[in-house]
Every structure is written in C-alpha cells, then in structure tokens.
Amino acid sequence: MRRTVIAVGLLLAPTCFAAGTAFAADSLDGHRASTLRRTPLPQEKPVEHDTPPLIAQTGGSPTLRRVDPATTEPTRAPAYHPEKQAPPSMSPGATATTYERDKFSGDPVYPAGPYDTKSQIDIYGGKSRVNGPRPPLELGHPMYQEGPLPDSINLFGEKNLARPQLLVYGDWRTAVAWNDNGNTETGLVATRLNVDVDLKLTSTERIHMFVRPFDKGNKGQFTRYEFFGDDRKRGDLQVDGNIETLFFEGDLGALAAGLTGEYNAYDIPIAFGLMPLLFQNGLWLEDAFLGGAMTIPARNSRLLDISNIDLTFFAGSDKVTTQAIRETARNIQDDNSASIFGVAAFADLQEGYLEAGYGYTHDRRGSAFDFDYHNATLAFTRRYGGWLSNSVRGVWNFGQKPALGHRQTADGYLLVMENSLITSKPLTLVPYANFFVGRDRPQSLARDFGAGGILKTVGINFETDGLTGFPKLDDTANDTYGGAVGIQYLFNLDQQVVVEVASAQVIGGNNKPGRTAKGDQYAIGARYQIPLSMATIFRADVIQAWRSEDADTAGIRFEIRVKF
C-alpha cells in the first residue's frame, strides 16, 4: 500500500499558538489520520515582539484573553527588520511619532454562551428592517436593496460604466373638500395621479419623465365630482396625455471620462429637455420649460471667505410659464410665447448661505407686445445666537416697457423675511414668523400654474392645494404687505400639526385700480398630517379668512395620498 505524507510547518508569533501539522492519507481505503506535532522550519530564527500574547493555548484550542494596558510592560517602537521589509515611506510633511501602548485599550472579551442576535440589534437602538413600498415596475437592479451590485456594462466607456435601471413610481392624491371662495360654494371630490418614469443609465446619467394623466394642471382643471353648490352635481374626467417633464441629466466630466478612457478632475452637471427648475424654494423660479442648464460646482475663494460656491447657467426656449406674459384676449398665462435665460449662484460664506440670481424674460410675440423685462434676486440665510434661524429674500423686476396700450405686468420688488426659533426640540417644535412687503407687480422669473403664487412659502394661509381650489389669502404681493405667525409640531417625527394666523394688508388704500386685493385680509388656518401606513398619508386642512372689501372665504378638506 502506498501512503503519502504531506508535512506542513507553521510558524506563528508568540501572540498565537505554535504548531506543525502532518496529515496522513490512505489513497486506497480512504482512511485518514492526523497528528499534531512541532515541525521546525529551516533556518528558523527567534522573533522579537512588543506585546504579550493575546491568544493563549488552553486545552488544545485558542481562547481570547483581555490585556490590561496598565499591567503590560512599557513598549518600544515596533521592531524594524531591514532585511525583511523596505523602510517605511511617508509624505514629506509627515513625521514619525512614538508609539504609546497606554493610549490603546485591550481587546474585547466576549461572554461565554450562545450568540445573542437580539443584543446585537439593540446596539443600533433596536432598529429593524423597514419594508417600505416598492415601485410597481423595477427593471434592472432593485431600488435601495442590500447585497452586491450587478455587473456593469461598457456602453459609454470603461471609465463610465452603465448599470441600466428602469423605475416607475409616484403617488395618487384624492381629496374631499368644501370650499367657500366668497361668491361660490363648492363641495367636491378631486383626484390627481403623479407618475415618474426614471431610466438610470450610469451612476451620474439618467433620463426622467413625469406625467399627470388625470388633470390639466396648466388650466387648473382636475378630475372631480362636485356634489354640492349651485346645483352642480356633475363629474368631470380630465384626461391629459401631455408630458409634464422629459429630460436628460448627467455630468460632462463623467461622460468625457467614458469617451476618452481617462479620469477627469472636474464635474460639470448638465440637464436638457423639458426640465423642471426650482430656486429659493420656488420663490424665484418653479417651472418646467424646454431648455437646458449647466452647473460649475464646488468652487471656493479664500479672499472672499467662500468655502463653496456653485454657479448654474440656464436657458428656456419654450413652455416658459410666467404671469408677466399673458394672453391679452383671455388674460391667462401664455406658456408658448416667452423664452428666458439666466444664472444663479449659491455660496457658503460668513457662516451663512448666499443665493443670488439674474434672469431675462423675452417676449417672442414681437414689438406689438414687448413685455421683455429683467429679474434679479438675492437671499441670505443664517442662524444667529443659537436661537434664531433667519432668511432674507428679495426679488426685483425692472426694465419692462410694454407696447403702447398695454399695462406693465412685471415691475417693482418683493422682500420676504423668514424666521424660526430654535427651541429645546429643534427638529420637532418650530415656532415661526414670516413677513413680506411687495410693491407694484413683482413676479417670479418663471412659475408653473400649479405652483401657486409668489407668496406660497410665507405660510399655509397663502398656499392652495393644487387639487380642489382650496381658499387662500392673496398671494400675488401686488402692493401688499403682511405675514404669517405660527407653530409647527412634529411629535416624534411621525405626525405634523401646524396652526397659523396670517394677514395681507393693502398699500395705497382700498379698491385701488389694477391691484388684485381690494382690501385688507386676515386668516386663521391649521393643518394635520399623519402616515397611516408606510405608503399612505392622511392630511386635513382648514381655513377661515376675512376680507374687508370682499366676501369672506372658508374651507375644509381631507386628503389621502398613496405612494407607490
């Protein structure tokens, strides 16, 4: 019988157990035997060590032993063996430091007994997996899932690999409301479906589309059934096949790296198509138009104490919605007659956040209308004294000289001051006081019809719901001043309550010709939101408004929003 003996010598440091293992295997009958013995290695030399053994041989198996730094002998710098390793290399600006053993704690000691999975989860606050709603359509790798990522595909170059993923997701809003808008009372049920289609190409490039098939938001018409008010018991199905947005978004640096095969030291985000753009929480710009944008990000200036600054250049050639360009016959917004271009800057400086922008609106209808004008904005946000968070925002319209016989539609300025107190519960309890003053007819550079008025961010009493025509105070800032004072409480970040009082005061006396608000307005409003499940949110709103030169308004609404 032929037997084969394989000898393996294993030399370990004194921090481990030393052993040599020989295995004997019978190639004929399959029997195996093993013995444990010490097998010296050729030219074996003793090795010096700086720390006592952490693993001791006990009963034939290694066990962990805790080392108390206070009882160990003072240690020297780790041994250096020039014949076995190259000298350590380091940056010219770095220097070696002395190793001090007492600066490090000993290894952990794990208690005897079975492994307790629950105690390991408790380390992270007892958190567990969240099974949230999944998109109804996921092609490619799933969204936000654990595990290894799938292999990438070389479609755009080895330095910009593709990992295609198609997602369809969105939400469905349905609300029942009773609205008294002064001269008209209406009870209705309305619905709105928002669908996003997202095709991810690489880690930086994607194509995105957004549709709203059951409403004509640009005209304020939603699929609804009116069950109360002026005997209007009827339903209206509003089907809209128009695409709200369809755009490409990516990075020129990543695209160039893929095409050239060389990494680039720059990032230039770009977007083009029918794309949405939003600046200053929608105060200055909130619209989707046909055009493009490019950003130069992450610049800085030691001279001006700017740690970070981004510059975004944009232009829109069609589908620009603005109150400054209107159809004269029907006096409604005309989103097929204007083009815009501009630049927006964002900078971190002086322990605050600066936002600035300039834009120009061109009336493509020619000299018979000539509603071209300039639009500038400036804002600064900062915390003061650890108790106040403050933002000051300004919008200035100038240079509009319409053709003879037409009144200006964009001129004057708007100044908004937003304040919130930093309480002992800064994330959940937020008292706020926001104020504004508007002269003449200040306009956002571009503003979608469904985005509400330029004062939407001042308070909930200036905000409509984009669904049922919920009442609100005058939100145009057309020769008015006022504000909103309220408090928001988020409990344990699982529900929201907002209570607010607000007012819009007129400038220039009551019933001023050409002004939207006839007289002073006051309102009290409240909002409540709570998630009913991981995919469903319930929301309720109520408002009561008093108008000195017009009929009072009031409303109450309940909404269910389902995410998918």
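Above this note sits the structure.
All of the points below concern the structure found in this document. Remember, predicted model here, so these are calculated numbers, not experimental data. (Residues numbered from 1 in each chain as written. Predicted model: local features only at pLDDT ≥ 70, side-chain atom pairs only at ≥ 80, totals over all residues. Heavy atoms only, no water.)

**Thoughts on the packing of aromatic side chains**
As a reminder, the rule being used: Stacked, tilted and edge-to-face are the three classes applied to pairs of Phe, Tyr and Trp rings, where Trp contributes its six-membered ring and a pair requires centres within 6.5 Å; stacked means planes under 30 degrees apart, edge-to-face means over 60, and tilted covers the rest. Going along the chain from the N terminus, every DSSP run of H or I of four or more residues is numbered as a helix, and every run of E of two or more is numbered as a strand. Classification of residues uses two cut-offs on accessible area relative to the type maximum, computed with a 1.4 Å probe and protein chains only: under 20% is buried, over 50% is exposed, and between them is partly exposed.
According to the stated counting rule, one finds 12 aromatic pairs in the structure shown. Taken together, a centroid distance of 6.3 Å and an interplanar angle of 80 degrees make the contact between Trp 284 and Phe 314 edge-to-face. Placement of the pair is Trp 284 in the loop between strand S14 (269–279) and strand S15 (285–301) and Phe 314 in strand S16 (residues 306–318), with a sequence separation of 30 residues. Like Trp 284, the residue Phe 314 is buried in the burial classification. Pairing Phe 436 with Phe 462 gives two aromatic rings, centres 5.7 Å apart and planes at 85 degrees, and the pair type is edge-to-face. Of this pair, Phe 436 sits in strand S24 (residues 429–441) while Phe 462 sits in the loop between strand S25 (446–447) and strand S26 (480–489), and the two are 26 residues apart along the sequence. For the residue pair Phe 436 and Phe 462, the accessibility class agrees, reading buried in each case.

**Concerning the pairing of strand S7 (residues 162–180)**
Rules: Think of it this way: DSSP has to see at least two bridges between two strands before they count as a pair.
Examined bridge by bridge, strand S6 (residues 137–140) and S7 share 4 bridges and lie antiparallel to one another. The residue bridging Gly 140 from the neighbouring strand is Gln 165, located in S7. Of the strand pairs in this sheet, S7 and strand S8 (residues 185–202) are connected by 17 bridges, and their pairing is antiparallel. Its bridge partner lying in S8, Asp 180 is registered against Glu 185. With 10 bridges joining them, S7 and strand S30 (residues 553–563) adopt antiparallel strand pairing. Each residue of the ladder has a partner; that of Val 176, found in S30, is Phe 558.

**Overview of empty space enclosed by the protein**
Rule in force here: Of the grid points, spaced at 1 Å and generated over the protein atoms alone, those admitting a 1.4 Å probe that cannot get out make up cavities, while open sets with protein on both sides within 12 Å along at least five of seven lines make up pockets; any residue with an atom within 4 Å of a point is treated as lining. Grid points are joined across faces, edges and corners, and a volume is the space filled by probe spheres set on the points. Under the scheme applied here, ten amino acids are nonpolar (Ala, Val, Leu, Ile, Met, Phe, Trp, Tyr, Cys and Pro), four are charged (Asp, Glu, Lys and Arg), and all others, including Gly, are polar.
As enumerated under the stated definition, the model contains 2 cavities of 30 Å³ or more in all. Put simply, the largest cavity is a space of about 90 Å³. Together, 15 residues line the largest cavity, and Ile 460, Glu 463, Phe 470, Arg 527 and Asp 541 are the ones closest to its centre. Elements that contribute at least two residues to the lining of the largest cavity include exactly strand S28 (521–531) and strand S29 (536–547). Per element, the largest residue contribution to the lining of the largest cavity is 4 residues, and it comes from S29. Looking at the lining of the largest cavity residue by residue, the class counts come to 6 nonpolar, 3 polar and 6 charged. In this model, the second largest cavity occupies a volume close to 40 Å³. In this structure, the second largest cavity is lined by Phe 279, Gln 280, Trp 284, Ala 344, Ala 345, Phe 346, Glu 355, Ala 356, Gly 357 and Thr 377.

**Brief notes about the side chain of Asn 461**
Quick reminder of the rule: Polar contacts here mean pairs of N or O atoms no more than 3.5 Å apart (in protein, one a potential hydrogen donor and the other a potential acceptor; neighbouring residues in sequence count only if both atoms are side-chain atoms). In this analysis, two residues are considered to be in contact whenever any of their non-hydrogen atoms come within 4.5 Å of each other.
Mapped onto the fold, Asn 461 is located in the loop between S25 and S26. A polar atom in the side chain of Asn 461 sits 2.9 Å from the side chain of Glu 500. Non-local contacts of Asn 461, meaning those with residues more than four positions away in its chain, are made with Lys 472, Leu 473, Glu 500, Val 501, Ala 502, Ala 523, Ile 524, Gly 525 and Ile 543.

**Let's talk about unusual backbone geometry**
For Gln 350, which is not glycine, the phi torsion reads 50 degrees and is therefore positive. Of note, Gln 350 is situated in the loop between strand S19 (338–349) and strand S20 (352–363). Gln 350 sits in the partly exposed class, given a relative accessible area of 45%. Positive phi, close to 50 degrees, is recorded for Asp 479, a residue that is not glycine. Its location among the elements puts Asp 479 in the loop between S25 and S26.

**Considerations on the layout of surface pockets**
Here the second largest pocket is characterised by a volume of approximately 1,200 Å³. Lining the second largest pocket are 40 residues, with Arg 192, Arg 212, Glu 286, Asp 448 and Gly 450 positioned closest to its centre. Among the elements of the structure, S7, S8, strand S13 (243–251), S14, S15, S29 and S30 are those that each provide at least two residues to the lining of the second largest pocket. The greatest single-element share of the lining of the second largest pocket, amounting to 4 residues, is contributed by S14. Here the residues of the lining of the second largest pocket sort into 9 nonpolar, 13 polar and 18 charged.

**Looking at the side chain of Ser 339**
Mapping Ser 339 onto the fold places it in strand S19. Accessibility expressed as a relative area gives 16% for Ser 339, which makes it buried. Each residue touching Ser 339, except ones within four places of it in the same chain, is listed here: Gly 316, Ser 317, Val 320, Tyr 360, Thr 361, His 362 and Arg 364.

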